[in-house]
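# Reading the structure
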Amino acid sequence: MNGLAIDTSTFVMGVGVIKDGILVGECITNINKNHSLRLMPAIRNLLEEVEISPSELDRIIVSEGPGSYTGVRIGVTTAKTLAWSLGIPIVGVSSLEVLAHNGRYFGGLISPFIDARRGQVYTGLYRWSNGRIECVKEDQIIQHSDWLSMLQNMDEEVLFLSADMDKHEEIITSALSKKAVIGNATELVPRPGELAFIGTQKEIEMETHEFHPNYIRLAEAETNWLAAKRGEESKNKGE
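Now for a quick tour of the structure. (Residues numbered from 1 in each chain as written. Predicted model: local features only at pLDDT ≥ 70, side-chain atom pairs only at ≥ 80, totals over all residues. Heavy atoms only, no water.)

### Topic: the overall build of the protein chain
Of the regular secondary structure elements, the protein chain holds seven helices and 10 strands. Rg of the C-alpha trace for the protein chain: 19 Å, near the compact-globule value of 18 Å for 239 residues, within the 12% margin. Here the C-alpha coordinates of the protein chain stretch approximately 60 × 55 × 30 Å along the principal axes. Looking at the protein chain residue by residue over its 239 residues, the buried ones come to 47%. Just so you have it, the protein chain exposes about 12200 Å², and 49% of that area is on carbon and sulfur atoms. Placing the 23 positive and 33 negative side-chain charges of the protein chain at their respective mean positions leaves the two points 5 Å apart. (Helix = DSSP H or I, 4+ residues; strand = E, 2+ residues; numbered from the N terminus. Rg over C-alpha atoms; globule rule 2.2 N^0.38 Å. Buried < 20%, exposed > 50% of the residue type's maximum accessible area, 1.4 Å probe, protein only. Areas by Shrake-Rupley, 256 points an atom, 1.4 Å probe, with all protein chains shown as cover. Lys, Arg positive; Asp, Glu negative; His and termini not counted. Charge placed at Lys NZ, Arg CZ, Asp CG, Glu CD.)

Structure, rendered in structure tokens:
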């Protein structure tokens, strides 16, 4: 199985390549630079470095969200374009599930999260069980303070993983004290190699043209447009 993995769901841009079931290369950057300009050169350079031509790929694996609306869209659009042009399937993986894999072997709960602004986070709850990561609470967007209040009532340590840890560590440790375990620097960034391995194990669920991102919420522009539309419809009904 040869697979190309793409992750642009956050500031972290990751590209990984699996060849014959072995991770042969990955590229990761954690900087605030334009993914749309850097992604295709990174893919091309990595494929050349590991000596795999696009025609040798069996599937494209992409981090489907949640995360940055623009980032998720760039990654999914690129993945769909490659899959369609190569005539191979596409597989999506939750960006939070990918991050949760950095906590494999942790004995308690795992809470990966991505900052969603205004005190909100995209998060879910996972644990390592029977040799695999299992989802305990599904991915969602929630006020982080509400999420932490829920975790206070759970009698287990919780491992927190996020590239946005600097914005949230204080509220986490304040809410959970010794029950909160903060991942180390290398565990806070999603690995495209992990994404690649997860994606090669998943079943193909849909045709490429049917695949779509999992934003969890609408983009702000769409939300505003729908609100304005509903307001206009209400106004017309009142006339």
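### Some details on the sheet that holds strand β4 (residues 59–63)
The strand order β3-β2-β1-β4-β5 describes an open sheet built from five strands, whose pairing is mixed. Each end of this open sheet is capped by a strand with a single partner; those strands are β3 (22–30) and β5 (90–93). Taken over all neighbouring pairs, the strand axes of this sheet differ in orientation by 15° on average, direction set aside. Pairing of strand β2 (residues 12–19) with β3, which is carried by eight bridges, proceeds in the antiparallel orientation. The partner of Lys-19 across the bridge, within β3, is Ile-22. Along the sheet face, helix α2 (residues 69–86) touches β1 (3–7), β4 and β5 and points at about 175° away from the line of β4. Packing of helix α6 (residues 192–201) onto the sheet brings it into contact with β1, β2, β3, β4 and β5, and relative to β4 it is tilted by some 125°. (Pairing = 2+ DSSP bridges. Axes fitted to C-alpha atoms, helices over the stretch in contact; angles between N-to-C directions. Contact = heavy atoms within 4.5 Å.)

### Observations regarding the packing of aromatic side chains
For the structure on display, the rule yields two aromatic pairs. Look at Tyr-69 and Tyr-215: their rings are 4.4 Å apart centre to centre, the planes differ by 35°, and that puts the pair in the tilted class. Of this pair, Tyr-69 sits in helix α2 while Tyr-215 is found in the loop between α6 and α7 (220–238), placing the two residues 146 residues apart along the sequence. Aromatic side chains Tyr-105 and Trp-128 sit 4.9 Å apart centroid to centroid with 70° between the ring planes, which places their arrangement in the edge-to-face category. Placement of Tyr-105 in the loop between α3 (95–100) and β6 (109–115) and of Trp-128 in strand β7 (residues 120–129) is noted, with a sequence separation of 23 residues between them. (Phe/Tyr/Trp six-rings, centres within 6.5 Å; stacked < 30°, edge-to-face > 60°.)

### Re the nonpolar core
Core analysis: the largest hydrophobic core is formed by 27 residues, its most contacted members being Ile-110, Leu-151, Phe-160 and Ile-172. Residues contacting Leu-151, with those up to four places away along its chain left out, are Ser-111, Leu-125, Val-158, Phe-160, Leu-176 and Lys-179. (Core = buried A, V, L, I, M, F, W, Y, C linked by side-chain atoms within 4.5 Å.)

### Details of the environment of Gly-107
Its location among the elements puts Gly-107 in the loop between α3 and β6. The spacing of Gly-107 and Glu-157 is 50 residues in sequence and 8.0 Å in space, taken between C-alpha atoms.

Without other data, these values stay purely geometric and don't point to any function.
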